[in-house]
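# Structural characterization, general
Given next are the chains, with one letter for each unit.
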2 protein chains.
Amino acid sequence: MFAMDEVFKALADASRRSLLDRLHLKNGQTLNELCEGLAMTRQAVTKHLVILEAANLVTAFKHGREKLHYLNPVPIHQIGERWIRKFERGKLTALSELKRQLEKRDE
Amino acid sequence: MFAMDEVFKALADASRRSLLDRLHLKNGQTLNELCEGLAMTRQAVTKHLVILEAANLVTAFKHGREKLHYLNPVPIHQIGERWIRKFERGKLTALSELKRQLEKRDE
DNA sequence: ATAATAGGCAACCAAATGGTTGCATGTCAA
DNA sequence: TTGACATGCAACCATTTGGTTGCCTATTAT
């Protein structure tokens, strides 16, 4: 089990989400590969990857002098299941209350 | 349309997520109501609510001297639809690659 | 009218964040 | 074996973040 807070924090940064996107397009990339085309130093990317690994969103393996990064979709899935779904259940009632309140404004 | 980045950033903080939880339990609460039982000043809560409103996760109406806060579940739903779903599609292949890699380690 | 209540605004602060540079280490290839 | 390549580590920096305190304003109730 891993802390959902770390996952949310990791997802809060656009650079990190884009790294996940890149790994989604092509899994198992090296650090240098992931750096290509980014307006950031390699060290900055490393820091982001450390955070992603800590949140269990990415798992990395050393292969010789290279480090291969793999996407772990489980935490993302859990955010969807355990958190987002909860709010989707109340969705319609919440919206109708909102609507009612918006209309009340014009009285 | 609202920026997904703001939504992710707003969701990154546990206090803010707990405010959303509270509104999910009971919609249309006042500022003071939302402050009850929290280890935070009213002003801190205000700041969080401002961020949640900016991200469109909460909509507020003034009613006399009170301010009523309503949950807007749409952005949360969109995170689920536009972002989380994308990663769930590649889930099985990503996991099998991970497994393959883990096994390769022991060679 | 006046006191109590609900909220807003602004200045300030410590800690976290996202980034940098410089240098060190480990691995592969010529 | 020696240079090039892939990555790691640490110090440093500016900005953002999450929080505080103090005071001001608007609305309601007595």
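For clarity, every value in this text was computed on a predicted model and none was experimentally measured. Numbers given for residues are sequential positions, taken from 1 along each chain in its written order. In the order they appear in the text, chains get letters beginning with A and ligands get numbers beginning with 1. With pLDDT at 70 or above as the cut-off, local features in this predicted model cover only qualifying residues; side-chain atom pairs require 80 or more to be listed or tallied, and sums for whole chains, interfaces and linings still use all residues. Side-chain measures were taken over the full set of non-hydrogen atoms in the model, leaving aside hydrogen atoms and water.

### Comments concerning the protein's contact with DNA strand C
The local shell around DNA strand C holds 20 residues, among which Thr 41, Lys 47 and His 48 of chain A together with Asn 32 and Arg 65 of chain B are the closest. For this purpose, a residue is taken to be near a molecule or strand whenever a single non-hydrogen atom of the residue falls within 4 Å of it. A share of 60% is what sugar and phosphate atoms reach among the atoms of DNA strand C within 4 Å of the protein. Two N or O atoms form a polar contact when they lie within 3.5 Å of each other; inside protein one atom must be a possible hydrogen donor and the other a possible acceptor, and for residues adjacent in sequence the pair counts only when both atoms belong to side chains. Gln 43 of chain A is positioned with one of its side-chain polar atoms (N or O) 3.2 Å from a base oxygen of DNA strand C. Between DNA strand C and Lys 67 of chain B there is a distance of 3.1 Å, counted from a phosphate oxygen to a backbone nitrogen or oxygen. Labels follow the DSSP assignment, with helices taken as runs of H or I lasting at least four residues and strands as runs of E lasting at least two, numbered in each case from the N terminus. Those elements that place two or more of their residues in the surface near DNA strand C are α2 (14-25) and α4 (42-54) of chain A together with α3 (31-35), α4 (42-54) and β3 (66-71) of chain B. For the surface near DNA strand C, the element with the highest residue contribution is α4 of chain A, accounting for 4 residues. In the surface near DNA strand C, the residues fall into 3 nonpolar, 8 polar and 9 charged. Gly is placed with the polar residues, together with every amino acid not listed as nonpolar (Ala, Val, Leu, Ile, Met, Phe, Trp, Tyr, Cys and Pro) or charged (Asp, Glu, Lys and Arg).

### Some thoughts on the sheet that holds strand β1 (residues 29-30) of chain B
Residue and element names in this part refer to chain B. Whether two strands pair comes down to DSSP finding at least two bridges between them. Strand order in the open sheet made by the 3 strands is β1-β3-β2, with antiparallel pairing throughout. Only two strands of the sheet have a single neighbouring strand rather than two, namely β1 and β2 (58-63). Inspection of the sheet shows β1 paired to β3 by 2 bridges, in the antiparallel sense. If you follow Thr 30 over to β3, its bridge partner there is Leu 68. Docked against the sheet, helix α2 (residues 14-25) engages β1, β2 and β3, running at close to 90° with respect to β3. Contacts are assigned to residue pairs with any non-hydrogen atoms lying within 4.5 Å of each other. For every element, the axis is a line fit to its C-alpha atoms; helices are fit only across the contacting stretch, and the angle between N-to-C directions ranges from 0 to 180 degrees.

### Description of the packing of aromatic side chains
All names here are of chain A. For this analysis, a ring pair means two rings from Phe, Tyr or Trp (six-membered ring only for Trp) whose centres lie within 6.5 Å, classed as stacked if their planes differ by under 30 degrees, edge-to-face if by over 60, and tilted for the remaining angles. Under the defined criterion, the tally for this structure stands at 6 aromatic pairs over all chains. Aromatic pair Phe 61 and Tyr 70: ring centres 5.5 Å apart, planes at 70°, arrangement edge-to-face. The burial state of Phe 61 is the same as that of Tyr 70; both residues are buried. Members of the aromatic cluster, connected to one another through ring pairs, are Phe 8, Trp 83 and Phe 87. The buried label applies to any residue whose accessible area, calculated with a 1.4 Å probe on protein chains only, is under 20% of its type's maximum; exposed applies above 50%, and partly exposed to all values in between.

### Let's talk about the pattern of salt bridges
Close approach of charged atoms allows side chains with opposite charge to pair. Whenever Lys or Arg places a side-chain nitrogen within 4 Å of a carboxyl oxygen from Asp or Glu, that contact is recorded as a salt bridge. Tallying each qualifying case throughout the model produces 12 salt bridges over all chains. Residue Asp 21 of chain A pairs with Lys 86 of chain B through a salt bridge whose shortest N-O separation is 3.0 Å. With Asp 21 of chain A in helix α2 and Lys 86 of chain B in helix α5 (residues 74-89), the pair connects residues from two separate chains. Look at Asp 21 of chain A and you get partly exposed, because its relative accessible area is 26%. Exposure remark for Lys 86 of chain B: the relative accessible area of 24% places this residue in the partly exposed category. Measuring nitrogen to oxygen at the nearest pair gives 3.5 Å for the salt bridge that ties Glu 81 of chain A to Arg 85 of chain A. Taken as a pair, Glu 81 of chain A and Arg 85 of chain A lie in helix α5 (residues 74-89) at a separation of 4 residues, close to a single helical turn. One network of salt bridges, with partners in common, ties together Asp 5 and Lys 9 of chain A together with Arg 17 of chain B.

### Looking at the protein's contact with DNA strand D
Near DNA strand D lie 19 residues; those nearest to it are Asn 32 and Arg 42 of chain A together with Thr 41, Lys 47 and His 48 of chain B. The sugar-phosphate portion of DNA strand D accounts for 62% of its atoms within 4 Å of the protein, the bases making up the rest. The side chain of Arg 42 of chain A places a nitrogen or oxygen atom 3.1 Å from a base nitrogen of DNA strand D. Counting residues per element, the ones that place at least two in the surface near DNA strand D are α3 (31-35), α4 and β3 (66-71) of chain A together with α2 and α4 of chain B. Among the residues forming the surface near DNA strand D, the class breakdown is 3 nonpolar, 8 polar and 8 charged.

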